[in-house]
Amino acid sequence: MGYNRINYLKTVLSIQKLVQHYKKKGVSQKWVFDNVINQPEYPVNITYATFRKYMCVNAKAELNKLIPNEKN
């Protein structure tokens, strides 16, 4: 899979959904990063600073602009 804006936004959206899932259980974003995302088993290798930037992106809205006919 080549790198482009759509793939970037899909990655961001998947991480945001994962964080949202765990936050419903009552844990912090830092806990999710340390115990779920920053593990060797997780396919995305990012730093905490990048993780924080991902949380600020409105990925769903940007994907809808780029792919208006495809459901996300």
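Predicted model, so just to flag it, every value in this text is computed and none were measured.

Concerning the overall build of the chain
A count of helical and extended segments in the chain gives 4 helices and 0 strands. Ordered by position in the sequence, the α and β elements of the chain form the string α-α-α-α. Considering only C-alpha atoms, the chain reaches an extent of 35 × 25 × 20 Å along its principal axes. Counting every position in the chain, which comprises 72 residues, the buried fraction comes to 28%.

So, the nonpolar core
Membership of the largest hydrophobic core comes to 18 residues, with the highest contact counts inside it found for Ile15, Ile37, Ile46 and Phe51. By residue number, the principal contributor to this core is helix H1 (residues 5-24), which donates 7 residues. With residues near it in sequence (within four places) discarded, Ile46 still touches Ile15, Phe33, Ile37, Asn38, Phe51 and Tyr54.

Some points on the pattern of salt bridges
On inspection of all chains with the given rule, the structure shows 2 salt bridges. In this structure, the salt-bridge partner of Arg5 is Glu62, at a minimum N-O distance of 2.5 Å. Taken together, the residues Arg5 in helix H1 and Glu62 in helix H4 (residues 59-66) connect sequence positions 57 residues apart. Residue Arg5 is classed as partly exposed on the basis of its relative accessible area, which comes to 43%. Look at Glu62 and you get partly exposed, because its relative accessible area is 25%. A salt bridge links Lys30 to Asp34; its shortest N-O distance comes to 3.3 Å. Highlighted residues: Lys30 and Asp34, both in helix H2 (residues 29-37), separated by 4 residues, approximately one helical turn.

Definitions and limits used
- Residues numbered from 1 in each chain as written.
- Predicted model: local features only at pLDDT ≥ 70, side-chain atom pairs only at ≥ 80, totals over all residues.
- Heavy atoms only, no water.
- Helix = DSSP H or I, 4+ residues; strand = E, 2+ residues; numbered from the N terminus.
- Buried < 20%, exposed > 50% of the residue type's maximum accessible area, 1.4 Å probe, protein only.
- Core = buried A, V, L, I, M, F, W, Y, C linked by side-chain atoms within 4.5 Å.
- Contact = heavy atoms within 4.5 Å.
- Salt bridge = Lys/Arg side-chain N within 4 Å of Asp/Glu carboxyl O.

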